[in-house]
Amino acid sequence: MAEDLEKFNTAMTTWQEWQDAPWGRLRYTIAEANLLRHLGDLDGESLRILDLAGGDGGDAIRLAARGHHVTIVDYASAMLAAATERAVAGGVPELINCVEADATDLPRDLANGEFDVVLCHNLLQYMDDIPDTLASVLSPLKAGGLVSVMAINRHSAPLNIAVRDMDPAAALAALDTDQTQTQMFNSALTLYTAEEIIRTLLELGCRDIAHDGIRSFCDYITDDARKHEPDFYAALERLELATTARPPYMHTARLFQLTAWKPS
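Everything in this summary refers to the structure shown in the same document. These figures come from a predicted structure and were not determined experimentally. (Residues numbered from 1 in each chain as written. Predicted model: local features only at pLDDT ≥ 70, side-chain atom pairs only at ≥ 80, totals over all residues. Heavy atoms only, no water.)

1. Considerations on helix α3 (residues 22-39)
Reasoning step 1: If you check α3, its first and last C-alpha atoms are 26 Å apart, about what 18 residues at 1.5 Å a residue would give, namely 26 Å.
Reasoning step 2: With 13 of 18 residues buried, α3 lies mostly within the body of the structure.
Reasoning step 3: Downstream of α3 by one or two residues, Gly40 has phi in the positive range, about 60 degrees. (Helix = DSSP H or I, 4+ residues; strand = E, 2+ residues; numbered from the N terminus. Expected span 1.5 Å × (residues − 1). Buried < 20%, exposed > 50% of the residue type's maximum accessible area, 1.4 Å probe, protein only.)

2. A few points about the sheet that holds strand β8 (residues 207-214)
Reasoning step 1: Reading across from one edge, β3-β2-β1-β4-β5-β9-β8 is the order of the seven strands in this open sheet, with mixed pairing throughout. Looking at strand neighbours, the two that pair on one side only are β3 (96-100) and β8, the edges of this open sheet. Averaged over all pairs of adjacent strands, the angle between their axes in this sheet comes to 15 degrees, without regard to strand direction.
Reasoning step 2: One ladder, built from six bridges, connects strand β4 (residues 115-121) with strand β5 (residues 141-152); its direction is parallel. Looking at β5, one finds that Leu119 is bridged to Ser148. (Pairing = 2+ DSSP bridges. Axes fitted to C-alpha atoms, helices over the stretch in contact; angles between N-to-C directions.)

3. Side note on the side chain of Thr29
Reasoning step 1: With respect to the helices and strands, Thr29 occurs in helix α3.
Reasoning step 2: Only 3.4 Å separates the side chain of Thr29 from the side chain of Arg62, close enough to count as a polar contact.
Reasoning step 3: Ignoring any residue separated from it by four or fewer positions in sequence, one finds Thr29 in contact with Arg62 and Glu237. (Polar contact = N/O pair within 3.5 Å; in protein donor to acceptor, adjacent residues only side chain to side chain. Contact = heavy atoms within 4.5 Å.)

4. So, the side chain of Ser216
Reasoning step 1: Turning to its location among the elements, Ser216 is positioned in the loop between β8 and α11 (230-243).
Reasoning step 2: One polar contact links the side chain of Ser216 to the main-chain carbonyl oxygen of Tyr249, over a distance of 3.4 Å.
Reasoning step 3: Apart from the residues within four sequence positions on either side, Ser216 is in contact with Glu240, Thr243, Tyr249, Met250 and Ala253.

5. Observations concerning the pattern of salt bridges
Reasoning step 1: One pass over the full model with this rule turns up 12 salt bridges.
Reasoning step 2: In this structure, the salt-bridge partner of Glu32 is Arg66, at a minimum N-O distance of 3.1 Å. Placement of the pair is Glu32 in helix α3 and Arg66 in the loop between α4 (60-64) and β2 (69-74), with a sequence separation of 34 residues.
Reasoning step 3: Of the residues examined, Glu32 reaches a relative accessible area of 14% and is grouped as buried. (Salt bridge = Lys/Arg side-chain N within 4 Å of Asp/Glu carboxyl O.)

6. Description of the environment of Gln125
Reasoning step 1: Residue position: Gln125 is located in the loop between β4 and α7 (130-138).
Reasoning step 2: A C-alpha to C-alpha distance of 5.6 Å links Gln125 and Leu191, two positions 66 residues apart in sequence.
Reasoning step 3: Here Gln125 is in contact with Met150, Ala151, Ile152, Ala188, Leu189, Thr190 and Tyr192, once residues within four sequence places are set aside.
Reasoning step 4: At 3.4 Å, the side chain of Gln125 forms a polar contact with the side chain of Asn122.

Here it is as structure tokens:
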């Protein structure tokens, strides 16, 4: 755990460069659009939102700008310091609360926090026991609250390798493994499918589960330079937003996002 923490603390520059790149911007834009679509009428209220493993506030600052109170939990102090700076720069410091803790071992006041919304974005791939992890994620969510779960899509891995690396042999091998490595944080990852996580959410009693995809096209366009062109990026964003919930594209999107309601 200490080794992983150091990786996250020292990778800040690389991480922030990724967030500013077209593929990073699409990840946050689409995730926000999906969440707001599923929140529906509740988005007009000031909600209490818990962002687990929320890092430097990429999701949280956007939601705070809409008037929501967001608590970010992360165990990387550098990430939380950056989140605090972003909150100040965004004019929402009073709406952001940063807590240094393990996302699956929350302080008691958060574990029983009765949050309206809980975000679990890009945490699952670092975890082995998914049922226990998701049970921990749902614990601070009030009855009738909304959870948003995002992770790298295992279905996308062979396609990504074949298209971007042009390595059909490696893509063939990727069909039969759920293991990979992240270069940014130099960490081993376990990849899951949306279908697996939906099954676990159902077993935990969640209802009305929606499956959206994030970056259904971006990662399979190999000319990354074009994505930095404003007109091309704008057209790509429109395409991504139009297909995030449209079959079959979410099944091969680079990330899946699931939203579900906790039973009331």
